[in-house]
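Each chain is listed here by its residues.
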Amino acid sequence: MRRIIAVLLENESGALSRVIGLFAQRGYNIETLTVAPTEDETLSRLTLTTSGDDNKTEQIVKHLNRLIEVVKVQDLCEADHVERELMLIKVRAEGADRAEVKRTVAIFRGQIIDVTTNAYTLQLTGTSEKLDAFLGAIGSGLVLEVVRSGVSGIGRGDKILSA
Amino acid sequence: MSEVLSGGDMLVRALQDEGVEYLFGYPGGAALHIYDAIFRQQKVEHILVRHEQAATHMADGYARATGKPGVVLVTSGPGATNAVTGIATAYMDSIPMVVISGQVPSDQIGTDAFQETDMLGVSRPVVKHSFLVRDCGEIAEVVKKAFHIATTGRPGPVVIDVPKDTTDPAVTAEYSYPDSVEMRSYKPAVRGNGRQLRKAVEKLLSSKRPMIYSGGGVVQGNGASRLTSIARRLGFPVTNTLMGLGGFPGDDPQFVGMLGMHGTYEANMGMHHADLILAIGARFDDRVTNNPAKFCPDATIVHIDADPASISKIISADIPIVGQVANVLTELDKMLETALENQPDALDKDAHKAWWERIEQWRAAHGLNHDMRPEAGKPILPQMVIQSLYRATGGDAIVTSDVGQHQMFAAQYYKFSQPRRWVNSGGLGTMGFGLPSAMGAQFAYPNETVACVTGEGSFMMNMQELSTCLQYGLPIKIVCLNNQALGMVKQWQDMQYGGRHSSSTYADSLPDFKTIAESFGHVGFRIDKAEDLEGAMRETFSAELKKRVVFLDVWVDSNEHVYPMSIKGGSMQDMYLNKITDSQAGDYM
Ligand SMILES: Cc1ncc(C[n+]2csc(CCOP(=O)(O)OP(=O)(O)O)c2C)c(N)n1
Ligand SMILES: [Mg+2]
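Residues numbered from 1 in each chain as written. Chains lettered and ligands numbered in written order. Predicted model: local features only at pLDDT ≥ 70, side-chain atom pairs only at ≥ 80, totals over all residues. Heavy atoms only, no water.

S.K.: Can you walk me through the overall build of chain A in this structure?
M.R.: On a plain count of helices and strands, chain A comes out with four helices and nine strands. In sequence order, the secondary structure elements of chain A are arranged as β-α-β-β-α-β-β-α-β-β-α-β-β. With 163 residues in all, chain A has 41% of them scored as buried. Here the analysis covers contacts within chain A between residues at least 6 apart in sequence; of these, 73% occur between residues at least 24 apart. Working note: accessible area of chain A is about 8400 Å², and carbon and sulfur atoms make up 51% of it. Averaged over its 20 positive side-chain charges, chain A has a centre that lies 3 Å from the centre of its 23 negative ones. (Helix = DSSP H or I, 4+ residues; strand = E, 2+ residues; numbered from the N terminus. Buried < 20%, exposed > 50% of the residue type's maximum accessible area, 1.4 Å probe, protein only. Contact = heavy atoms within 4.5 Å. Areas by Shrake-Rupley, 256 points an atom, 1.4 Å probe, with all protein chains shown as cover. Lys, Arg positive; Asp, Glu negative; His and termini not counted. Charge placed at Lys NZ, Arg CZ, Asp CG, Glu CD.)

Next comes the structure, spelled out in C-alpha cells:
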C-alpha cells in the first residue's frame, strides 16, 4: 500500500543523508521525496512516499523517529489529508496538436507557461493519479520532457504537525 | 565563569568536565593539536594502543564492565576507518561510546586531501549519531550532546569529527561546559505506560507456563537486581540471551541457561512451550527465534524495551512497554508485590509446579553436563577448559571472549552470577574483540581478575595489544582454546558442506603462542595433555602471577562441535543435540 510520510527534521547539513541512508540500509523504497525549510527556518519538512503494509510502515515510522535530528513523523494516510504534486512537462505542439494539447490542458486545469513555434511547456498540479492521467491523455508520442516535484501532503482540518 | 581556550584545550577540558578517566587512542596529523592539549594536563589519561580497532574495543570493554561511556581518539583517514569495526561492534550491542576523530582542516574537506576520509559518511550506518565540529566555539556543546546521546535511551556510539583548524592553538573562544542539554528532537521514554503495565501484571499472574527471556538491555540498563527480585517473587524460570548473561544469577536454580542457536535444551523447549513470555531488553534476534513464523506458538508476549523500534520488529508483542528497563522493572516489581499482597493465591501454583517438572525433565534429559573432568590420555575437550576456568576463578572473574566456538562454550559453561562480568561481541560477532575489551575492563577494575577466553584465530586479529598490556601493566589472563582451526566455520562446513574445510584450517602454520607471549614480556604456557590442565589453570590464576599477563594455550580436540544447535527453518524446539542427530542435517544458516 502507498504511504505518504511527513517528517519534520532539524534543518542541518547531514540530517537529510541520515533519512536517505536509513531507507537504503533497511531496504525500504522511496518513490518520491520532497524537502524544504518550513516557516521556522530551523526546521525542514520532508514528504516521502513509499509502499508497504502496516507493519512495514510502523517500522519505518519508528526508525525515522529514532534518528536524532527527526523531530516529528506522521503517516499522513492514517487520517484525512490533501496531497499535491507539481509537474512541468514539455510537449511537441505542431499543427493540429497545438489545439488538442490546449484543450487537454484546460480539461485538467493546467497552464501553458512557455510557448515556442513547435513546443509548449505546461504546468499541472494535483494528485499523482491526476498527473498520470494527464500524461495518459496527452499520449507518449508528444511528450518531450517531464519534471515532477514528488508528493507534498498536509493533514485536513485543524490538526497540525509541528515541533 | 567562562574561560578563553583553544579548541584542542576545550575538547580535553570538556572530557575532564564530563568525568572521563581514560581516553583510548592513537595519534596522527589531524589529531596533533588535541594530543598536545592532552600532554599539557593530567586528569584524563590517554592510553596508547597499537591499532585503532583495539582502542574502540578497549573503550567498549570499559563501558560494558562499568556502564560508563568509553571514549576514543583517532586521527583522520586510516585512523578513523580502523576504528569503524569497533564502532559497529558497539552499535550492534547498544554500548555507550564517544569516538573523536581528527579531520583535515575545514577548507580542505572535499578536496581528497591527504588522509581525508568522509568519516561521517563511512560511520553513518553504525552510529547512534554523529557531529562535525564547525568552529571551536561549539566544542563544549557538541561534546555534552554526544555524551548525552551516547548514554541515554538505547545507548550507542556517537562520533565527533573534528577538523584540524577547529583545534588550532592560535584560535581561541570562550569555554563553559553546559550542565545539561535540551534537544527538542531527542526525548527518550523513561517510564513505562501504566495501563500496559497493569495488563502485563494480569497476564503474568494468570500464566500457567511462563518464561522470562532477558537480554543485554537488562545488563546495560542496570535492571539486573530488579529482574532478580521479580523472578524470585513469581518463581518463574529465567533464560538469558548471549548478551544478557549475568542479568540473572547463572547459578540460581530458576536459571535455565542461555537460549537460542546454541542455547540449552531446557531453555529452548521452555520457550517453545510457554504460554507467556516476558521479554526484557531483548530484541528477538534471529539467533534466538529461529524461524519467526514458528516462534512460540502458544505464547502471549510482553515486551519491555528502551527502543520502540525493537518492539514488534520481528515478533509482534501483545503487550509492548517502552521505557528505561530499570525504571519499568522497578514499577512492575512494586505492582506485583501489591497484587500478591492483596491476592496471595493469585498465582496458579499447581500449574507452575507441573511446568517446573517438565523443565526439570528436559534439563535431566539433555541439559549441559557441568562436570566434565579431563581424563589422562584423552583429548582435552573445550568445555572442560571453561569448567576448569570457572573453578580456578571461583566463578568470579570478568570474562571477555572472542568469537567462535570458544565463545559459545564460555557462554554455556561459565555461570555468571552478576551483571557486567561477561563481555562479548554478540550482535556483530567481531573476532579480535576479546583481548582489547579485557584490557578496557581491567583499566576500570585494576584489582579484579580479568580473563579473556579466545581462539587462536581470533587472538591473532588483535594480538599486537600484548604490547599495550606491558606498557600499562594490565595483568590479563588469556585462555586460548586452541583447536588449530577456525572452529565455528569448520563446524558449519562439517554440518552443511559435507566436511569440506574450505579455508578454515591452518594447523601447519600456527605460531608458538608461548614464545609470542614471552617475547612481549609476558608468561606463556602450552598445555596439550588432559592431566596438566587443572594444574596449569590454577597456576595461571595463582597469586604469584597475579600481576602478570599469562597466555594459557590449551590444545583442545579440534573435532568438537557446539551443541545444542538449532535446526535452520525450524522452531525453537528443533535442535541438533550431538553429532549423531546432526548427521541427518539438512542445511544451516
Ligand atoms: C572479523 C571476523 N571475521 C570473520 C568472522 C567469521 N567467523 C566466525 S567464528 C570464526 C572462527 C573463529 O576461530 P577461532 O577464533 O579460532 O575460534 P574457534 O571457533 O576455533 O573457537 C570466523 C572466521 C568473524 N566472526 N569475525
Ligand atoms: Mg580456533
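S.K.: Got a minute to help me understand the sheet that holds strand β14 (residues 319-322) of chain B in this structure?
M.R.: In any sheet, the strands associate via hydrogen bonds between backbone groups, in a parallel or an antiparallel arrangement. Residue and element names in this part refer to chain B. Read from one edge of the open sheet, six strands run β11-β10-β9-β12-β13-β14, paired in parallel fashion. Where the open sheet ends on each side, the last strands, each with one partner, are β11 (255-258) and β14. Strand after strand, the sheet turns through a mean of 15 degrees between neighbouring axes, direction not considered. When strand β13 (residues 300-305) meets β14, the two strands line up parallel, connected through four bridges. Within β14, the position partnered with Ile-304 by the bridge is Ile-321. Helix α12 (residues 325-342) rests against β12 (276-280), β13 and β14 of the sheet, and its axis sits at about 130 degrees to β13. (Pairing = 2+ DSSP bridges. Axes fitted to C-alpha atoms, helices over the stretch in contact; angles between N-to-C directions.)

S.K.: For this particular structure, what's the right way to read the side chain of Thr-66 of chain B?
M.R.: Residue and element names in this part refer to chain B. Its place among the elements puts Thr-66 in helix α3 (residues 52-66). A polar side-chain atom of Thr-66 sits 2.9 Å from the main-chain amide nitrogen of Lys-68. When sequence neighbours within four positions are dropped, the list of residues in contact with Thr-66 reads Arg-420, Ala-444 and Tyr-445. (Polar contact = N/O pair within 3.5 Å; in protein donor to acceptor, adjacent residues only side chain to side chain.)

S.K.: Honestly, the coordination of the magnesium ion (ligand 2) in this entry has me stumped. Any pointers?
M.R.: Think of it this way: four donors in a tetrahedron around the metal ideally sit 109.5 degrees apart, and six in an octahedron ideally sit 90 or 180 degrees apart. All names here are of chain B. Protein coordination at the magnesium ion (ligand 2): the donors are Glu-456 (OE), Glu-456 (OE), Asn-483 (OD1) and Ala-485 (O), at 2.1 to 2.7 Å from the metal. Given six donor atoms and angles of 50 to 179 degrees at the metal, the environment of the magnesium ion (ligand 2) is assigned as irregular. Written as a sequence motif, the donor residues of the magnesium ion (ligand 2) are E-x26-N-x1-A. Of this pair, Glu-456 sits in helix α17 (residues 456-459) while Ala-485 sits in the loop between β18 (477-482) and α19 (487-496), placing them 29 residues apart in sequence. Exposure class is identical for Glu-456 and Ala-485. Each is buried. (Donors = N, O, S within 2.8 Å, 3.2 Å for Na, K, Ca; no water. Tetrahedral: all angles 85-135°; square planar, octahedral: opposite > 155°, others 65-115°.)

S.K.: Looking at this model, I keep getting lost on the interface of chain A and chain B. Mind explaining?
M.R.: Think of interface size as the accessible area that goes away when the parts come together; that is how it is often given. At the interface, 20 residues of chain A touch 19 residues of chain B. Here chain A meets chain B over a buried area of about 1600 Å², counting both sides, of which 43% is carbon and sulfur. The largest contributions to the chain A side of the interface with chain B come from Arg-18, Arg-66 and Ile-68 of chain A, which together make up 42% of the buried area. Linking chain A with chain B are three salt bridges. Only α1 (15-25), α2 (54-66) and β4 (70-75) of chain A provide two or more residues apiece to the side of chain A that touches chain B. In terms of residue count, α1 of chain A provides more of the side of chain A that touches chain B than any other element does, five residues in total. (Buried area = accessible area lost by both parts, 1.4 Å probe. Salt bridge = Lys/Arg side-chain N within 4 Å of Asp/Glu carboxyl O.)

S.K.: Whenever I open this one, the state of the cysteines confuses me. Can you help?
M.R.: By definition, a disulfide links two cysteine residues through a covalent bond between their sulfur atoms. Following the criterion strictly, the structure yields zero disulfides over all chains and no others. Cys-480 of chain B takes part in no disulfide bond, and the closest cysteine sulfur to it belongs to Cys-452 of chain B, at a distance of 8.7 Å. (Disulfide = S-S within 2.5 Å.)

S.K.: Quick question: what am I supposed to make of the packing of aromatic side chains here?
M.R.: The description of an aromatic ring pair rests on the distance of the ring centres and on the angle between the ring planes. Residue and element names in this part refer to chain B. Under the definition given, this model contains 18 aromatic pairs over all chains. Judged by centre distance (5.3 Å) and plane angle (10 degrees), the ring pair of Phe-513 and Phe-551 falls under stacked. Of this pair, Phe-513 sits in helix α20 (residues 513-519) while Phe-551 sits in strand β20 (residues 550-555), and the two are 38 residues apart along the sequence. By the burial criterion, Phe-513 is buried, and Phe-551 matches it. Of the aromatic side chains, those joined through ring pairs into one cluster are Tyr-22, Phe-24, Tyr-62, Phe-443 and Tyr-472. (Phe/Tyr/Trp six-rings, centres within 6.5 Å; stacked < 30°, edge-to-face > 60°.)

S.K.: What is the right way to read helix α10 (residues 265-273) of chain B from this model?
M.R.: Given 3.6 residues to a turn, an α-helix orients residues that are three or four positions apart in the same direction. Residue and element names in this part refer to chain B. The element α10 is extensively covered by neighbouring structure, given that nine of its nine residues are classed as buried. Restricting attention to buried positions, one finds in α10 the residues Tyr-265, Glu-266, Ala-267, Asn-268, Met-269, Gly-270, Met-271, His-272 and His-273. As for α10, its buried residues are in contact with β9 (210-214), β10 (238-240), β11, β12, α13 (349-366) and β22 (575-576).

S.K.: Is there a simple way to explain the pattern of salt bridges in this structure?
M.R.: Side chains carrying opposite charge are able to pair once their charged atoms draw close together. Here the structure, examined in full by the defined rule, presents 41 salt bridges over all chains. Its salt-bridge partner being Arg-40 of chain B, residue Asp-9 of chain B comes within 3.0 Å of it at the nearest N-O pair. Of the two residues, Asp-9 of chain B sits in helix α1 (residues 7-17) while Arg-40 of chain B sits in the loop between α2 (32-39) and β3 (45-48), which places them 31 residues apart along the sequence. Between Glu-141 of chain B and Lys-145 of chain B there is a salt bridge, and its shortest N-O distance comes to 3.1 Å. Placement of both Glu-141 of chain B and Lys-145 of chain B in helix α6 (residues 139-151) is noted, with a separation of four residues, approximately one turn of the helix. Taken together, the shared-partner salt bridges connect Arg-3, Asp-54 and Asp-75 of chain A into one network.

S.K.: Sorry if this is basic, but what is going on with the sheet that holds strand β2 (residues 32-37) of chain A here?
M.R.: All names here are of chain A. Spatial strand order, β2-β3-β1-β4: four strands in an open sheet with antiparallel pairing. Two strands in the sheet have a free side with no partner beyond their single neighbour: β2 and β4. Within the sheet, the average angular offset between the axes of one strand and its neighbour, ignoring direction, is 15 degrees. Pairing of strand β1 (residues 2-10) with strand β3 (residues 43-51) involves nine bridges; the strand directions are antiparallel. By the bridge assignment, Arg-3 is partnered in β3 with Thr-50. Contacts from α1 reach β1, β2 and β3, with the element oriented near 15 degrees to β3.

S.K.: Explanation requested: the site of ligand 1 in the structure shown.
M.R.: Residues and elements named next belong to chain B. Neighbouring ligand 1 are 18 residues, the closest being Gln-405, Gly-429, Ser-458, Asn-483 and Gly-487. With respect to ligand 1, the backbone of Gly-457 contributes an N or O atom lying 3.0 Å from an oxygen atom. Breaking the shell around ligand 1 down by element, the ones donating at least two residues are α15 (405-413), α17 and α19. When its residues are assigned to classes, the shell around ligand 1 shows eight nonpolar, nine polar and one charged. (Near = heavy atom within 4 Å. Nonpolar A, V, L, I, M, F, W, Y, C, P; charged D, E, K, R; others polar.)

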